[in-house]
Amino acid sequence: MKIIFAGTPAFAATALDALIQTGHDIVMVLTQPDRPAGRGMQMTASAVKLLAQQRQLPILQPPSLKSGGISLQLQSLNADVMVVAAYGLILPQAVLEIPRLGCLNIHASLLPRWRGAAPIQRAILAGDHETGITIMQMDAGLDTGAMLLKHAIAIAPDDTTQSLHDKLSLLGGQSIVEALRLLQQCQLTPIPQDESQASYAAKITKAEAEIDWRQTAQQISRMVRAFNPSPGAYSFFRNHLLKIWQASAIHGGEGKPGEIAALSADGIVVACGSGALQIETLQKSGGKRMTAADFLAGNQGILGEFLEASEGSASAHD
């Protein structure tokens, strides 16, 4: 099939690679403009652009798809279908109507649950036991189009956003290849989404990643997994930022919320609103990730001290 591909991050690049490997004709790759990234804030190409360059595919990086010139350029390609994966730009109705078979979106949730920007993080935060990939026929709404294909996978108890992202990336590539094969064979049946079951996965903010120790240990444990690798669940210790990268909810750990209740080779046990969190991997501001044992080697006598809700705030235990 003649395909216009629109996507930006690694999740999308995995799908693009699957389409290339299957022998589809990628007539154009749309990806977001290069952005400053890293400590030096150097202009950096997206994962999709890097793959497209490697495969010598034509690339467009418009800041918006609203210009008539872009529409005319896309029309001239006579594409059968547009495949969209985490592109990050809105497709106007004029663009949605260009490909002969419309625009298909690879969405990282089991729609209509978790429409929107952060479906992987929201699924982990909510304690969902499964998620998956939905291939959807795009319309003018936000992830509201008819569903063409769904594949579910379990969310493991230790899955982080990174590990689940990697699993869903592979599943997304497999699913779009399957969907296009079925589409060619006229074997896909569009199924409207049940609006009463819809939920919205709002974009993650850094403020959300600040730990409130009055929550249950299970809730905080899910935060740690959901905000790994970004932005990182955090608290404050002795008025310094402390990011928590790996932790487990455990029983015991008696104390007030945020109190360091026990220390062991396995981790630092912090009391929560219910249960306790055993911190296993953490990072001081400006430092590297370290094990709890390494942290304790440089921070003696911390039993009974508190991790605070926010820097310089009145402690919840006062």
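Here's what I pulled together on the structure shown here. From a predicted model like this one, the values you see are computed outputs, not experimental measurements.

Observations concerning the side chain of Gln32
Phase 1 of the analysis: Structurally, Gln32 can be placed in the loop between β2 (25-30) and β3 (35-37).
Phase 2 of the analysis: Side chain to side chain, Gln32 and Arg35 meet in a polar contact 2.4 Å long.
Phase 3 of the analysis: Residues within four places of Gln32 in sequence aside, it is in contact with Thr8, Gln61, Tyr87, Gly88 and Leu89.

Here we look at the nonpolar core
Phase 1 of the analysis: In this structure, Phe5, Leu180 and Trp213 are the most contacted members of the largest nonpolar core, which totals 72 residues.
Phase 2 of the analysis: Sorting elements by how many residues they give to this core places helix α6 (residues 161-184) first, with eight residues.
Phase 3 of the analysis: For Leu180, the residues in contact, after removing those within four places along its chain, are Met1, Ile3, Leu19, His24, Val81, Val83 and Leu104.
Phase 4 of the analysis: Membership of the second largest hydrophobic core comes to 23 residues, among which are Ile70, Ala79, Met82 and Val95.

Quick notes on the packing of helix α1 (residues 10-21) against helix α2 (residues 47-54)
Phase 1 of the analysis: At a closest axis distance of 7 Å, the pairing of α1 and α2 adopts a crossing angle of 30°. Taken together, the axes of α1 and α2 lie roughly parallel to each other. Where α1 approaches α2, its residues Ala10, Ala12, Ala13, Leu16 and Asp17 are matched on the opposing element by Ala47, Val48 and Leu51.
Phase 2 of the analysis: Residue composition of the contact of α1 with α2, grouped by class: seven nonpolar, no polar and one charged.

Details of the pairing of strand β16 (residues 276-284)
Phase 1 of the analysis: Summarising burial for β16: eight of the nine residues are buried, a large majority.
Phase 2 of the analysis: Direction of pairing for strand β13 (residues 240-250) relative to β16: antiparallel, over a ladder of eight bridges. If you follow Ile250 over to β16, its bridge partner there is Ala276.
Phase 3 of the analysis: With four bridges connecting them, strand β15 (residues 267-271) and β16 associate as antiparallel partners. Within the sheet, the bridge partner assigned to Val270 lies in β16 and is Leu277.
Phase 4 of the analysis: Linking β15 back to β16 in an antiparallel pair, the connection comprises four residues, with Gly275 at a positive phi of about 75°.
Phase 5 of the analysis: Bridge count between β16 and strand β17 (residues 289-291): three bridges; the pairing is antiparallel. Across the sheet, Gln283 pairs through a bridge with Arg289, a residue of β17.

Here is what the cut-offs are and how they apply
- Residues numbered from 1 in each chain as written.
- Predicted model: local features only at pLDDT ≥ 70, side-chain atom pairs only at ≥ 80, totals over all residues.
- Heavy atoms only, no water.
- Helix = DSSP H or I, 4+ residues; strand = E, 2+ residues; numbered from the N terminus.
- Polar contact = N/O pair within 3.5 Å; in protein donor to acceptor, adjacent residues only side chain to side chain.
- Contact = heavy atoms within 4.5 Å.
- Core = buried A, V, L, I, M, F, W, Y, C linked by side-chain atoms within 4.5 Å.
- Buried < 20%, exposed > 50% of the residue type's maximum accessible area, 1.4 Å probe, protein only.
- Axes fitted to C-alpha atoms, helices over the stretch in contact; angles between N-to-C directions.
- Parallel < 35°, antiparallel > 145°, perpendicular 65-115°, else oblique.
- Nonpolar A, V, L, I, M, F, W, Y, C, P; charged D, E, K, R; others polar.
- Pairing = 2+ DSSP bridges.

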